[in-house]
Amino acid sequence: MTHAVMTQAGTLSDELQPELETDDGTVVVQDDLAELLTLLPEDIREPLVNHPQRASLVEVVLDLGRQPEARFEGIPAGEYLRQQEVTAADLEAAVAAVGEFGADNRAGVPGTLHRISAIRNRRGAIIGLTCRVGRAVSGHIAMLKDLVESGHSVLLLGRPGVGKTTVIREICRTLADEYRKRVVIVDTSNEIGGDGDVPHPAIGGARRMQVADALQQHAVMIEAVENHMPQVVVVDEIGTEAEALACRTIAERGVQLIGTAHGCLLENLIKNPTLADLVGGVAAVTLGDEEARARGTQKTILERKAPPTFPIVVEIRARNFYVAHWVEDSVDQLLLGRMPVVQVRERDASQPLGLRISELPYDQVPDPERTADLARNSWDDDYEAALRDMHGSAGNPSDSWAWAEKIRARGKDAALASAQGPGASRSFFIASRSAAAGPNVPPPPSSVGASGKKAAKKGRR
């Protein structure tokens, strides 16, 4: 696989490199930054070629009549690349290098994961470009690999830029290459598999179906199941009621779904009438006098309408901080005004697999942004180190996926881990719910700590 890299002298070159992989779950980053920079005018490109922070470049913004701006991860303000303002000639040259934009005003660089988005005026002329850097990242799958390999459908939530698409891309490669499953990606904007007819190597052996019109994504999802017999369907950015209904149709056919949706928290989905069906939907129910008295509630309450399309929802609060919900339990408890018990997954180098798992009442989950050390950059340390390794630092990561075998082996010790208590194993979240009811209908958590009981009593009051 060819990766374009920048030499220390500041010139652009193509260098043949092996796939960068790890044996301990650490993060490794691959990008084709040179391919994106070649689209920019020379006097805008040169400051980035030699920039000390080029490894953490997020996007380059070109707006007509304004100075070109580069934005870097972990740095609040952007940096101007030249004194001269962007001219129409600059935009025309960049657009000519990019090629044709789609109906969603997006284009890409063939063979890469970069994305170029256009801003148009009323007459349809392009007056601004956002050139976003796309990177293939390995290592984040370790945060939720046991949830994915359980066979349950998994939905990822998170704010823009937190890494949802990056995680999905690695899930595709893992399921297709390691588990030899038939994976089909419904790629609406070519964000998962990259631009061009040949998908990016980052998705491994997964197949990719491109969507000509974003409004027809739901139809392509159904087509994928009917025509290509997948075991796993991957969808990015589920955002309409038609797409939510297509997800339920696919799940009821026994196909595993991996997807992302608009929203940061589970409550966002519950309150969103368009996407609420992904977590079972919400309906108002009127109780009889005796039943309302027995429950200690009002006569009209909210209840979950149906089994959730996605039994597992993962909130990606930060690149190294995930919150996992067993949806049936969490939605039912939240609708009753109680706090569910959720699983918190954090990257921790002191743990054997670099991952620490704990179970907490939902209202006691710490905010990774507010609890972070203010003296430390919020940009993930291991992610930044991986970026710098790629762009010129000494040493290459180990070329091995032996750590994946270690993770798989730990799943066999689920029964022992359950006896030792929550957090003892990565597979506790699945094992504790599947022991009694079988693999397809996991029961609710067997126990709640003292803090959870207090939260439940508070909800009832």
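Note that this is a predicted model, so its numbers are computed, not measured. (Residues numbered from 1 in each chain as written. Predicted model: local features only at pLDDT ≥ 70, side-chain atom pairs only at ≥ 80, totals over all residues. Heavy atoms only, no water.)

Engineer: Let's hear about the overall build of the protein chain: which residues, and what values?
Structural biologist: In terms of regular secondary structure, the protein chain is built from 15 helices and 21 strands. Burial analysis of the protein chain (461 residues in total) assigns 49% to the buried set. Relative to all contacts within the protein chain whose residues are 6 or more apart in sequence, the contacts with residues 24 or more apart total 60%. When the accessible surface of the protein chain is summed, it comes to about 21300 Å², and 50% of that surface belongs to carbon and sulfur atoms. (Helix = DSSP H or I, 4+ residues; strand = E, 2+ residues; numbered from the N terminus. Buried < 20%, exposed > 50% of the residue type's maximum accessible area, 1.4 Å probe, protein only. Contact = heavy atoms within 4.5 Å. Areas by Shrake-Rupley, 256 points an atom, 1.4 Å probe, with all protein chains shown as cover.)

Engineer: Please give an account of helix H2 (residues 42-49) that cites residues and values.
Structural biologist: Here H2 has its buried residues at Ile-44, Arg-45, Leu-48 and Val-49. Along the axis of H2, the buried residues cluster in a sector spanning 135°; they form a single face. (Arc of directions from axis to C-beta.)

Engineer: Residues and numbers for unusual backbone geometry, please.
Structural biologist: At Arg-180, a residue that is not glycine, the phi angle is positive and equals roughly 55°. Positioned with a positive phi, Met-229 is a non-glycine residue whose angle comes to about 45°. Residue placement: Met-229 occurs in the loop between helix H6 (217-228) and strand E14 (232-238). Residue class for Met-229 comes out exposed when judged on its relative accessible area of 61%.

Engineer: With reference to specific residues and values, describe the confidence of the model for the protein chain.
Structural biologist: For the protein chain, the mean per-residue pLDDT works out to 78, and 74% of the residues sit at or above 70. Here residues 393-428 is a poorly scored stretch, pLDDT under 50, and it has 66 contacts once near neighbours within four places are set aside; other chains count. Note that pLDDT drops below 50 for residues 430-461; the model gives that stretch 41 contacts with residues more than four away or on any other chain. (pLDDT = per-residue confidence, 0-100.)

Engineer: Any details on the sheet that holds strand E9 (residues 126-132)? Residues and values, ideally.
Structural biologist: Spatial strand order, E6-E5-E4-E9-E8-E7: six strands in an open sheet with antiparallel pairing. Every other strand in the sheet has two partners, leaving strand E6 (79-80) and strand E7 (106-108) as the edge strands with one partner each. Note: strand E5 (residues 69-72) against E6, two bridges, orientation antiparallel. Residue pairing across strands places Glu-69 opposite Tyr-80, the latter belonging to E6. Relative to E9, helix H3 (residues 88-98) is tilted by about 55°, and along the sheet it contacts strand E4 (57-63), E7, strand E8 (115-120) and E9. (Pairing = 2+ DSSP bridges. Axes fitted to C-alpha atoms, helices over the stretch in contact; angles between N-to-C directions.)

Engineer: Please give an account of the pairing of strand E20 (residues 341-347) that cites residues and values.
Structural biologist: In terms of burial, E20 is largely enclosed, as seven of its seven residues are buried. The alternating pattern of E20 places Val-341, Gln-343, Arg-345 and Arg-347 and Val-342, Val-344 and Glu-346 on opposite faces, both of which are buried. By the bridge criterion, four bridges tie strand E19 (residues 321-326) to E20 in an arrangement that is antiparallel. Bridging from a neighbouring strand, Tyr-322 pairs with Arg-345 of E20. With seven bridges joining them, E20 and strand E21 (residues 355-361) adopt antiparallel strand pairing. The residue of E21 that forms the bridge with Gln-343 is Glu-359.

Engineer: Tell me about the environment of Asp-104, residues and numbers included.
Structural biologist: By the element assignment, Asp-104 lies in the loop between H3 and E7. Assessed through its relative accessible area of 36%, Asp-104 is described here as partly exposed. Considered as a pair, Asp-104 and Ala-118 are 14 residues apart in the sequence and their alpha carbons are 8.9 Å apart. Among the polar contacts listed, one links the side chain of Asp-104 to the side chain of Ser-189, at a separation of 3.2 Å. (Polar contact = N/O pair within 3.5 Å; in protein donor to acceptor, adjacent residues only side chain to side chain.)

Engineer: So what's going on with helix H10 (residues 327-335)? Which residues, and what values?
Structural biologist: For H10, the full list of buried residues reads Val-327, Asp-329, Ser-330, Val-331, Leu-334 and Leu-335. Downstream of H10 by a residue or two, Gly-337 has a phi angle that is positive, lying close to 80°.

Engineer: Tell me about the nonpolar core, residues and numbers included.
Structural biologist: Among the nonpolar cores identified, the biggest contains 39 residues, and Leu-155, Val-186, Val-233, Ile-238, Leu-278 and Val-279 are the most heavily contacted of them. For Val-233, the residues in contact, after removing those within four places along its chain, are Val-184, Val-186, Val-225, Ile-250, Val-255, Gln-256, Leu-257 and Ile-258. With 30 residues, the next largest nonpolar core counts Val-167, Ala-176, Tyr-322 and Trp-326 among its residues. (Core = buried A, V, L, I, M, F, W, Y, C linked by side-chain atoms within 4.5 Å.)

Engineer: Talk me through the sheet that holds strand E15 (residues 256-261); I want residue IDs and the actual numbers.
Structural biologist: Spatially, the nine strands line up as an open sheet ordered E13-E12-E14-E15-E11-E18-E19-E20-E21, and their pairing is mixed. Taken across any chain shown, the strands that pair with only one partner, and hence form the sheet edges, are strand E13 (207-210) and E21. The mean angle between the axes of side-by-side strands here comes to 20°, regardless of whether they run parallel or antiparallel. Against the sheet, helix H5 (residues 164-178) contacts strand E11 (154-157), strand E12 (183-187), E14, E15, strand E18 (312-318) and E19, and its axis sits at roughly 165° relative to E15. On the sheet, helix H7 (residues 241-252) packs against E14 and E15 and is oriented at approximately 165° with respect to E14.

Engineer: Can you lay out the packing of H6 against H7 for me, pointing to particular residues and giving the numbers?
Structural biologist: The contact between H6 and H7 brings their axes to 8 Å, and the two run at 15°. With respect to H7, the axis of H6 lies roughly parallel. For the pair H6 and H7, the crossing hand works out as left-handed. Residues Gln-217, His-218, Met-221, Ile-222 and Val-225 of H6 touch H7, and the partners they reach there are Ala-242, Glu-243, Ala-246, Cys-247, Thr-249 and Ile-250. By residue class, the composition of the contact of H6 with H7 is seven nonpolar, three polar and one charged. (Parallel < 35°, antiparallel > 145°, perpendicular 65-115°, else oblique. Left-handed = near helix turned anticlockwise from the far one by under 90°. Nonpolar A, V, L, I, M, F, W, Y, C, P; charged D, E, K, R; others polar.)

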